Protein chains: 2
Amino acid sequence: MGFWKSWFSDSDAASTTGAIQMEEDVVPVNGDRANRNGRIFFSTDRDIDLYELEELCDAVGWSRRPLRKVKKAIQHSFLVTSMWEVRGNRRRLIGFARATSDHAFNATIWDVVVHPEFQGKGLGKALMKFTIKKLRSEDISNITLFADPHVLDFYRGLGFISDPEGIKGMFWYPN
Amino acid sequence: MGFWKSWFSDSDAASTTGAIQMEEDVVPVNGDRANRNGRIFFSTDRDIDLYELEELCDAVGWSRRPLRKVKKAIQHSFLVTSMWEVRGNRRRLIGFARATSDHAFNATIWDVVVHPEFQGKGLGKALMKFTIKKLRSEDISNITLFADPHVLDFYRGLGFISDPEGIKGMFWYPN
């Protein structure tokens, strides 16, 4: 798979992106709008501005969550992936996903979000592929998630199967 | 809820159970066989003999997994619960479950097992209730799992709901 890293290790780039370390991946972008907008980078750095993340989640209409708990969740996630649009010396958080894991067998992906302005360009797919690749590189064999009905086809397109062999996702509610 | 702890803190009990710290919970046992067999204790201590755990998993016909990875998974699980039969100065591992988590919002329960000799007595239910109680005490609001078809009713009886609001459990397989 064509893939290259483009770590912002030189002082110039570092000054433009702060502490976040980024990788550039091959992004299958539909149309040229994202190209016009800027270059797309991915990161596994978990030092994300929580207000910027909240803004992203607001943009897709998610309920707000206490930042103290979001911080804790990020800290204790096995993998945190973020997607950035970089234009000149500015970067903008446009996507996010994270995974819990036992570091050995299983990982579960949560909180997958792409900013509405950047949806429909294949960027959600690119974010997920980046996330899956990272989990696979850590030798995680069982990658799972819980998908809302309207995104089932999106995940199917990435190789996810719902209810394989009749296995059901279940949620606990107090009786 | 009637619940008491019975930590093995005195030297006598400690010598019988080794390093494992245990709690006694109210166990709704069907019939008197388990009572005849011994008292049932629960523990969240993750210092479990991996060979004893392997023996338990063998007993229910699970595929063997590398102990190195099992050790890593236990180490990196948020919660590890085990169930023990204690008779005199001997203890036997008869049940196990563990959960991954982000320590803030979500937990996913994996590897729920009860030794066949102790099934059908309500002990699986007791193990799960103990596990749920521990997760709730850590302020985890979203408790999830992936259930095989033949145990769906077991989990439903504990308050788990499959596919709530059409949310589907999905597993990734390489395309």
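Throughout what follows, the structure given in this document is the object of discussion. Just so it is clear, the model here is predicted, and its values are computed rather than measured.

Helix and strand counts for chain A stand at six helices and seven strands. Order of helices (α) and strands (β) in chain A, N terminus to C terminus: α-α-β-α-α-β-β-β-α-β-α-β-β. Residue pairs at least 24 apart in sequence account for 60% of intrachain contacts in chain A once pairs closer than 6 positions are excluded. Summing over all exposed atoms, chain A offers an accessible surface of approximately 8,500 Å²; the carbon and sulfur share of this is 47%.

With that settled, consider the interface of chain B and chain A. The interface of chain B with chain A comprises 50 residues on the first partner and 50 residues on the second. Summed over both partners, the interface of chain B with chain A buries about 4,800 Å², with 61% contributed by carbon and sulfur atoms. At the junction of chain B with chain A, the criterion picks out six salt bridges. Its salt-bridge partner being Asp-102 of chain A, residue Arg-98 of chain B comes within 2.9 Å of it at the nearest N-O pair. Where chain B touches chain A, the interface holds 26 residue pairs in polar contact (both at pLDDT 80 or more). Secondary structure elements with two or more residues in the side of chain B that touches chain A: helix 4 (67–75), strand 3 (90–101), strand 4 (106–114), helix 5 (123–137), strand 5 (142–147), helix 6 (152–156), strand 6 (160–162) and strand 7 (168–172) of chain B. Among the elements that line the side of chain B that touches chain A, the one with the most residues is strand 5 of chain B, at six residues.

Three- or four-residue spacings in an α-helix give side chains the same orientation, since the helix completes a turn every 3.6 residues. Residues and elements named next belong to chain B. Of all the positions in helix 3 (residues 50–59), only Leu-50, Leu-53, Glu-54, Leu-56 and Cys-57 are classed as buried. The buried side chains of helix 3 occupy one side of the element, clustering within an arc of 160° when seen end-on. Seen from the open side of helix 3, the exposed residues pointing more than 90 degrees away from its buried face are Tyr-51 and Glu-55. Elements in contact with the buried residues of helix 3: helix 4, strand 3 and strand 4. The positive-phi residue at the C-terminal boundary of helix 3 is Gly-61, with phi of around 85°.

Moving on: the pattern of salt bridges. Applying the stated criterion to the full structure yields 20 salt bridges over all chains. Residue Asp-163 of chain A pairs with Lys-168 of chain A through a salt bridge whose shortest N-O separation is 3.2 Å. There is no split in this pair, since Asp-163 of chain A and Lys-168 of chain A are both buried. Salt bridges sharing partners connect three or more residues here, namely Arg-65, Arg-98 and Asp-111 of chain A together with Asp-102 of chain B.

What follows deals with the environment of Ala-147 of chain A. With respect to the secondary-structure elements, Ala-147 of chain A resides in strand 5 (residues 142–147). Spatially, the C-alpha atoms of Ala-147 of chain A and Ser-162 of chain A are 8.8 Å apart, while their sequence positions differ by 15 residues. If we skip the residues at most four places from it in the chain, Ala-147 of chain A touches Leu-152 and Tyr-155 of chain A together with Gly-166, Ile-167, Lys-168 and Met-170 of chain B.

Let us look at the relation of the copies chain B and chain A. Both copies of the chain are placed relative to one another by a rotation about an axis and a shift along it. Relative to chain A, chain B is turned by 180° and slid 0.0 Å along the rotation axis, the superposed coordinates differing by an RMSD of 0.0 Å. The transformation just described matches what one would write down for a two-fold rotation axis. Nearest to the rotation axis, the C-alpha of Gly-169 of chain B is located 2.0 Å from it, this being the minimum over chain B.

Residues and elements named next belong to chain B. A large share of strand 4 lies buried, amounting to eight of its nine residues. Relative to strand 4, strand 3 is paired through six bridges, and the arrangement is antiparallel. In the sheet register, Arg-98 faces strand 4, and the bridge partner there is Trp-110. Taking the residues between adjacent antiparallel strands as the criterion, strand 3 and strand 4 are bridged by four residues, where His-103 takes a positive phi near 65°. One ladder, built from four bridges, connects strand 4 with strand 5; its direction is parallel. Each residue of the ladder has a partner; that of Thr-108, found in strand 5, is Thr-144.

Attention now goes to the pairing of strand 2 (residues 79–87) of chain A. Residues and elements named next belong to chain A. Counting buried residues along strand 2, eight of its nine residues qualify, which places the element largely inside the surrounding structure. When strand 1 (residues 39–43) meets strand 2, the two strands line up antiparallel, connected through five bridges. Paired with Ser-43 across the strands is Ser-82, a residue of strand 2. Pairing analysis gives nine bridges linking strand 2 to strand 3 (residues 90–101), with the strands arranged antiparallel. Bridge pairing links Thr-81 to Ala-97 in strand 3.

Reading guide: rules and limits
- Residues numbered from 1 in each chain as written.
- Chains lettered and ligands numbered in written order.
- Predicted model: local features only at pLDDT ≥ 70, side-chain atom pairs only at ≥ 80, totals over all residues.
- Heavy atoms only, no water.
- Helix = DSSP H or I, 4+ residues; strand = E, 2+ residues; numbered from the N terminus.
- Contact = heavy atoms within 4.5 Å.
- Areas by Shrake-Rupley, 256 points an atom, 1.4 Å probe, with all protein chains shown as cover.
- Buried area = accessible area lost by both parts, 1.4 Å probe.
- Salt bridge = Lys/Arg side-chain N within 4 Å of Asp/Glu carboxyl O.
- Polar contact = N/O pair within 3.5 Å; in protein donor to acceptor, adjacent residues only side chain to side chain.
- Buried < 20%, exposed > 50% of the residue type's maximum accessible area, 1.4 Å probe, protein only.
- Arc of directions from axis to C-beta.
- Least-squares fit on C-alpha atoms with pLDDT ≥ 70 in both.
- Pairing = 2+ DSSP bridges.

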